[in-house]
Amino acid sequence: MYFNARCSKELFLIDVFFLYNQLNEEFPHHEFKDEVAKDLAQIYYREKQYENAIRYFLMIKDPLNEELFKLAYSYFSIGA
């Protein structure tokens, strides 16, 4: 299910949120939690939905410098 959702993300399909939410609902303790958080953060950031992006960037266990920058920029963009 994760790889199906990941393909949807890479192809910019509109069912991406449904697929990730379905994965999280059916398997709440799956091994791809961090990857899902990264993917959703990137999608929301790309769509300039910064409040949602912040929520998912904060779920990432060991964020990379790029993710930290995007988190900071998201806070800056909403005026926080």
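The sections below set out a description of the structure shown in this document. Counting of residues starts from 1 at the beginning of each chain's written sequence and follows it residue by residue. Two thresholds apply to this predicted model, a pLDDT of at least 70 for residue-level local features and 80 or more for giving and counting side-chain atom pairs, whereas whole-chain, interface and lining totals are computed over all residues. Side-chain measures were taken over the full set of non-hydrogen atoms in the model, leaving aside hydrogen atoms and water.

Here we take up unusual backbone geometry. In the Ramachandran plot, phenylalanine 12 falls in the positive-phi region, its phi being about 55 degrees despite a non-glycine side chain. Mapped onto the fold, phenylalanine 12 is located in the loop between helix H1 (2-10) and helix H2 (16-26). Residue classification places phenylalanine 12 among the exposed residues on the basis of a relative accessible area of 57%. The backbone phi angle of lysine 48 is positive, close to 60 degrees, even though this residue is not glycine. Secondary structure elements follow DSSP: runs of H or I of four or more residues count as helices, runs of E of two or more count as strands, with numbering from the N terminus. Within the element layout of this structure, lysine 48 appears in the loop between helix H3 (33-46) and helix H4 (50-57). Note on classification: 1.4 Å probe, protein chains only; a residue is buried when its accessible area is under 20% of the maximum for its type, exposed when over 50%, partly exposed between these limits.

Turning to a nonpolar patch on the surface, a few remarks are in order. Candidate patch residues must exceed 30% relative accessible area and have no salt bridge, after which like charges are joined if within 9 Å and Val, Leu, Ile, Met, Phe, Trp or Tyr side chains if within 5 Å. Calculation of accessible area relied on Shrake-Rupley with a 1.4 Å probe; when residues are assessed, cover is drawn exclusively from the protein chains displayed. Put simply, a salt bridge is a Lys or Arg side-chain nitrogen that is within 4 Å of an Asp or Glu carboxyl oxygen. Together, Leu58, Tyr75 and Ile78 make up a nonpolar patch on the protein surface, roughly 260 Å² of accessible area in all. Within the secondary structure layout, tyrosine 75 lies in helix H5 (residues 65-78). For tyrosine 75, a relative accessible area of 32% puts it in the partly exposed group.

We now examine the packing of aromatic side chains. The relative placement of two aromatic rings is captured by the distance of their centres and the angle of their planes. Any two of the Phe, Tyr and Trp rings considered here, Trp counted by its six-membered ring, make a pair once their centres fall within 6.5 Å; the pair's planes then place it as stacked at under 30 degrees, edge-to-face at over 60, or tilted in between. Throughout the structure, instances matching the rule amount to 12 aromatic pairs. Seen from their ring centres, tyrosine 2 and tyrosine 20 are 6.4 Å apart, and the 50 degrees between their planes marks the pair as tilted. Within this pair, whereas tyrosine 2 is found in helix H1, its partner tyrosine 20 is found in helix H2, the two being separated by 18 residues in sequence. Ring pairs connect the aromatic residues Tyr45, Tyr50, Phe57, Phe69, Tyr73 and Phe76, which therefore count as one cluster.

Below, the discussion takes up H1. For H1, every residue scored as buried is listed here: Tyr2, Ala5, Ser8 and Lys9. The arc enclosing the buried residues of H1, seen along the axis, measures out at 125 degrees, which places them on a common side. Two residues or fewer after H1 comes phenylalanine 12, characterised by a positive phi angle close to 55 degrees. The arc under discussion is defined with respect to the helix axis, by the directions toward the C-beta atoms.

To continue, consider the packing of H2 against H3. Relative orientation of the contacting elements H2 and H3 amounts to 155 degrees, with a least axis distance of 11 Å. In terms of their interaxial angle, H2 and H3 are classed as roughly antiparallel. Pair H2 / H3 crosses with left-handed handedness. Residues Val16, Phe17, Tyr20, Leu23 and Asn24 of H2 pack against Lys33, Val36, Asp39, Leu40, Ile43 and Tyr44 of H3. Note on geometry: axes are C-alpha line fits, over the in-contact stretch for helices, and angles between N-to-C directions span 0 to 180 degrees. Orientation labels follow simple angle bins: below 35 degrees gives roughly parallel, above 145 gives roughly antiparallel, 65 to 115 gives roughly perpendicular, and whatever is left gives oblique. Crossings are assigned a handedness: left-handed for a near helix turned anticlockwise from the far helix by less than a right angle, right-handed for a clockwise turn. Contacts: residue pairs with any heavy atoms within 4.5 Å of one another.

Worth remembering: the numbers are spatial, not functional.
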